[in-house]
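# Descriptive analysis of the structure
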Amino acid sequence: MKALIRKISKFEPLTFIFSLLLLVLFLFIFLTLSNMIFGQIFDDSQGLIEAARNRAVVSSILLSLYAGFLATLISLFLGVPAGYILARFDFPGKRLVESIIDVPVVVPHTVAGIALLTVFGSRGFIGGPLEAYIQFRDALPGIVVAMLFVSLPYLANSAREGFKSVDPRLENAARSLGAPLWKAFLFVTLPLSARHILIGAIMTWARAISEFGAVVLIAYYPMIGPTLIYDRFLSYGLSASRPIAVLLILVTLSIFIVIRVLSAGWSIYDRD
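Residues numbered from 1 in each chain as written. Predicted model: local features only at pLDDT ≥ 70, side-chain atom pairs only at ≥ 80, totals over all residues. Heavy atoms only, no water.

## A word on the packing of helix 5 (residues 109-120) against helix 7 (residues 140-164)
Heads up, the condition is: Interaxial angles span 0 to 180 degrees and are taken between N-to-C directions of axes, which are lines fitted to C-alpha atoms, for helices over the stretch in contact. Helix and strand definitions here come from DSSP, where helices need a minimum of 4 consecutive H or I residues and strands a minimum of 2 consecutive E residues; each element is numbered from the N-terminal end. Every angle not falling under 35 degrees, over 145, or within 65 to 115 is termed oblique; those three ranges are roughly parallel, roughly antiparallel and roughly perpendicular. In this scheme the crossing of two helices becomes right-handed for a clockwise turn of the near helix relative to the far one and left-handed for an anticlockwise turn of less than a right angle. Two residues form a contact once any of their heavy atoms are found within 4.5 Å.
At a closest axis distance of 10 Å, the pairing of helix 5 and helix 7 adopts a crossing angle of 130°. Regarding the angle of helix 5 to helix 7, the classification is oblique. The crossing of helix 5 and helix 7 is right-handed. Of the residues in helix 7, those touching helix 5 at His109, Ala112, Leu116 and Phe120 are Val145, Ala146, Phe149 and Val150.

## Digging into the pattern of salt bridges
Stated precisely, the cut-off is as follows: One speaks of a salt bridge when a side-chain nitrogen belonging to Lys or Arg is within 4 Å of a carboxyl oxygen belonging to Asp or Glu. Residue exposure (1.4 Å probe, protein chains only): buried if accessible area is under 20% of the type maximum, exposed if over 50%, otherwise partly exposed.
Across all of its chains, the model carries seven salt bridges by this definition. Across the pair Asp167 and Arg169 runs a salt bridge, and its minimum N-O distance is 2.7 Å. On the basis of relative accessible area, Asp167 is assigned to the partly exposed category, the value being 24%. Because the salt bridges share partners, they merge into one network encompassing Arg95, Glu98, Arg160 and Glu161.

## Digging into a nonpolar patch on the surface
Where we set the bar: Any residue with relative accessible area above 30% and no salt bridge may belong to a patch, with like charges joined within 9 Å and the nonpolar Val, Leu, Ile, Met, Phe, Trp and Tyr side chains within 5 Å. All accessible areas in this document rest on Shrake-Rupley with a 1.4 Å probe, and a residue is counted as covered only by the protein chains that are shown.
A cluster of nonpolar side chains, contributed by Leu14, Phe16, Ile17, Phe18, Leu20, Leu21, Leu23, Val24, Phe26, Leu27, Phe30 and Leu31, occupies part of the molecular surface with about 1,200 Å² of accessible area. Position of Ile17 relative to the elements: it lies in helix 2 (residues 13-53).

## Details of the side chain of Ser241
Here is the rule we go by: Any pair of nitrogen or oxygen atoms within 3.5 Å is treated as a polar contact; in protein, a donor-acceptor pairing is required on top of that, and neighbouring residues in sequence qualify only through side-chain atoms on both sides.
With respect to the secondary-structure elements, Ser241 resides in helix 13 (residues 238-264). For Ser241, the side chain forms a polar contact with the main-chain oxygen of Gly237, separated by 3.3 Å. Setting aside residues no more than four positions away along its own chain, Ser241 makes contact with Ile229, Arg232 and Phe233.

## Notes on the nonpolar core
Quick note on the threshold: To define a nonpolar core, start from buried Ala, Val, Leu, Ile, Met, Phe, Trp, Tyr and Cys residues and group those joined through side-chain atoms within 4.5 Å.
By size, the foremost hydrophobic cluster in this structure holds 21 residues, and its most contacted members are Phe120, Ile143, Met147 and Ile218. For this core, the elements supplying multiple residues, two or more each, are helix 3 (55-88), helix 5, helix 7 and helix 11 (213-218). Here the element with the most residues in this core is helix 7; it accounts for seven residues. In this structure, Phe120 is in contact with Ile126, Gly127, Phe136, Val145 and Ile218, ignoring residues within four places of it in sequence.

## Observations regarding the packing of helix 8 (residues 168-176) against helix 9 (residues 181-192)
Cut-off, in case you're wondering: Amino acids are sorted into nonpolar (Ala, Val, Leu, Ile, Met, Phe, Trp, Tyr, Cys and Pro), charged (Asp, Glu, Lys and Arg) and polar (every other residue, Gly among them).
One way to put it is that helix 8 packs onto helix 9 with a least axis distance of 9 Å and a crossing angle of 145°. Once helix 8 is placed against helix 9, the crossing between them reads as right-handed. Residue-level contacts link Leu170, Glu171, Ala174 and Arg175 of helix 8 to Leu181, Ala184, Val188, Thr189 and Leu192 of helix 9. Grouping the constituent residues of the contact of helix 8 with helix 9 by class yields six nonpolar, one polar and two charged.

## Topic: the environment of Pro168
Along the chain, the position of Pro168 falls in helix 8. Given a relative accessible area of 39%, Pro168 falls into the partly exposed group. Separated by 21 residues in the primary sequence, Pro168 and Thr189 place their C-alpha atoms 8.4 Å from one another.

Following this line, the structure appears as structure tokens:
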């Protein structure tokens, strides 16, 4: 009891204000989501059960998760090396490169979809020559490239900040002991940046599976979760689209909780 009184007496006004704003932020998100979820459960639980049993709904959600996973893997392959170069080296045009990488975050995603069509569509300068081998329009590759375009900056930027947080002297020490650069990167720099990269990968995957605007323009079919929700809303209204939206939220929320729990104890590489 005395310890609690001491904590309250040391409670700074600024801390109280910030805590209050945190509560407002939490309630804004929590009440919005919980109102939809619990409203669906209490008002139309049968609709939620039917959505969970519907093969088209399940397939669209699984496709969202799978395509998002593929986009995240490609983002890791591209974003980690890019983040390392941007964190460790200065070169002419670096600010321009960083700005271009950040553009997909701010550009309207319908614009991104149109831009992707001009590149990966049947008449695009990549999609056209490759059309005999791989189809992007209304196909899984189109979904993946759309998800990749809008989500890659999250991983590249998170990886860059992770590499910046690692003291280059640690890397140089490994190299002075005879380790080549790739070994110093793999066994020193990468493990120390792993938490940042993991967070970036989670954000990339989350952003990918939630994408709608760019995906719907380049690949309306096969339908991912957001596209199916939009299609059902236009065709049948809120009562038909809400159960699918709730189901998608529950699936992604469960995955996020599992990831958070698994990563919470991952402190072996945390900096002091």
